[in-house]
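# Residue-level structure breakdown
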Amino acid sequence: RRHGEEVAVLRGTLNGMSRTSVGREGPRTARALGVEDSQSCLLCSPDCRQGCLGAAAQTGHILALIAFICIETIMECSPCEGLYFFEFVSCSALVVTGVLLIMFSLNLHVRIPQINWNLTDLVNTGLSTFFFFIASIVLAALNHKTGAEIAAVIFGFLATAAYAVNTFLAVQKWRVSIRQQSTNDYIRARTESRDVDSRPEIQRLDT
C-alpha cells in the first residue's frame, strides 16, 4: 500500500510540474502565434487571399491579359523579335497565373500537399516580374510607334509593377510559413521530450 501511495504522489508531482511548465510557456507561445497570425493576414493566408495578395495577383493577371490583347492586334512588324518575345512572356504569365489563381480560389492546392505552393507562387511572380520588365524594355526599343505597340508597352510596365508588388507579398508569406513551421516543430519536440522524461521515473517506481 505504501508503495502504491508513493507512486500516486510522484505521478501527481510530475503532472503538476508539467502543467506549470506548460503554463509558463503558454503565454509566450500564444504571443508568438498571435504575431504570426497577424502577419499571415498581411501575407495572404487563405482568409486574406481575397485581400492584398489576391488583389495584386488578379491585377497582374488582368494587366497581362490586356497587354497580350494589345500585342495580338498588331498585324505587321519588322523586325518582329521584340513582339514575339513580349507575346510569349505575356501569354506564359497569363496562363500560369490564371492556373494558380484557380487553384487557390477553389482550394485545390490543399489536395496536393507534396508541392510547396508558397514557393511556387513566389517563383511565378518573381519570374513574371523579371521577364515582363525585360520584354517591355525590348518592345519599347523596337516598336514602330503604333498605337497597339505603345499600349502594349504601357500595360507591360503596369503588369511589371503589379507582379513586383505580388512578389514582395509572396516573399513575406513564404518567410512566415517557414517561421510557423519552425514554431510547430519546436512545440512538437518539447512535447515529446517531456513525455520521454516522465516515463522512466514512473516505470522505475512501478517495478
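Residues numbered from 1 in each chain as written. Predicted model: local features only at pLDDT ≥ 70, side-chain atom pairs only at ≥ 80, totals over all residues. Heavy atoms only, no water.

Counting secondary structure elements, the chain contains 5 helices and 0 strands. Order of helices (α) and strands (β) in the chain, N terminus to C terminus: α-α-α-α-α. The 207 residues of the chain split such that 31% are buried. A separation of at least 24 residues holds for 78% of the contacts in the chain among residues at least 6 apart in sequence. (Helix = DSSP H or I, 4+ residues; strand = E, 2+ residues; numbered from the N terminus. Buried < 20%, exposed > 50% of the residue type's maximum accessible area, 1.4 Å probe, protein only. Contact = heavy atoms within 4.5 Å.)

Over its 26 residues, helix H4 (residues 117-142) runs 37 Å from end to end, which matches the ideal 38 Å to within 8%, given 1.5 Å per residue. The complete set of buried residues in H4 reads Trp117, Asn118, Asp121, Leu122, Asn124, Thr125, Ser128, Thr129, Phe132, Ala135, Ser136 and Leu139. N-cap assignment for H4: the residue whose side-chain oxygen lies 3.4 Å from the backbone N of asparagine 118 is asparagine 116. (Expected span 1.5 Å × (residues − 1). Polar contact = N/O pair within 3.5 Å; in protein donor to acceptor, adjacent residues only side chain to side chain.)

Moving on, we get to the side chain of glutamate 149. Mapped onto the fold, glutamate 149 is located in helix H5 (residues 147-206). Accessibility expressed as a relative area gives 3% for glutamate 149, which makes it buried. A distance of 3.0 Å separates polar atoms of two side chains, one belonging to glutamate 149 and the other to threonine 146. Residue contacts for glutamate 149: discarding those within four places in its chain leaves Ile74, Leu139, Asn143 and His144.

Further remarks concern the nonpolar core. Of all hydrophobic cores here, the largest spans 20 residues; its most connected members are Ile71, Phe86, Phe132, Leu139, Ala152, Ala159 and Tyr163. Taken together, the elements giving at least two residues each to this core come down to helix H2 (52-72), helix H3 (81-105), H4 and H5. Of all the elements, H2 adds the most residues to this core, at 6 residues. Beyond its immediate chain neighbours, meaning those up to four positions away, leucine 139 contacts Ile71, Gly82, Leu83, Phe86, Glu149, Ala152 and Val153. (Core = buried A, V, L, I, M, F, W, Y, C linked by side-chain atoms within 4.5 Å.)

Where the residue is not glycine, phi is negative for most of them; where a peptide bond is considered, it is trans in most cases. Not every positive phi belongs to a glycine, and asparagine 107 is a case in point at roughly 60°. Note that asparagine 107 resides in the loop between H3 and H4.

Attention now moves to the UniProt feature "transmembrane region" (unreviewed entry) in the chain. Those residues carrying the UniProt feature "transmembrane region" (unreviewed entry) are residues 83-110, 122-144 and 150-171 in this numbering. Split by type, residues 83-110 is 82% helix and 0% strand. Its first and last C-alpha atoms lie 38 Å apart. What you have in residues 150-171 is 100% helix and 0% strand, and the ends, taken at the C-alpha atoms, are 32 Å apart. (UniProt positions renumbered as here; feature names shortened; annotations may be inferred.)

On to the packing of H3 against H4. Where H3 meets H4, the axes come as close as 9 Å, and the angle between the chain directions of the two elements is 155°. Here H3 is positioned roughly antiparallel relative to H4, judged by the angle of their axes. Between H3 and H4 lies a crossing of left-handed hand. (Axes fitted to C-alpha atoms, helices over the stretch in contact; angles between N-to-C directions. Parallel < 35°, antiparallel > 145°, perpendicular 65-115°, else oblique. Left-handed = near helix turned anticlockwise from the far one by under 90°.)

Scanning the entire structure with this criterion turns up 5 aromatic pairs. Ring geometry for phenylalanine 133 against phenylalanine 157: centres 6.3 Å apart, planes inclined by 70°, an arrangement best described as edge-to-face. Placement of the pair is phenylalanine 133 in helix H4 and phenylalanine 157 in helix H5, with a sequence separation of 24 residues. Under the relative-accessibility criterion, phenylalanine 133 is labelled partly exposed at 39%. Through a chain of ring-to-ring contacts, the aromatic side chains of Phe86, Phe132 and Tyr163 assemble into a single cluster. (Phe/Tyr/Trp six-rings, centres within 6.5 Å; stacked < 30°, edge-to-face > 60°.)

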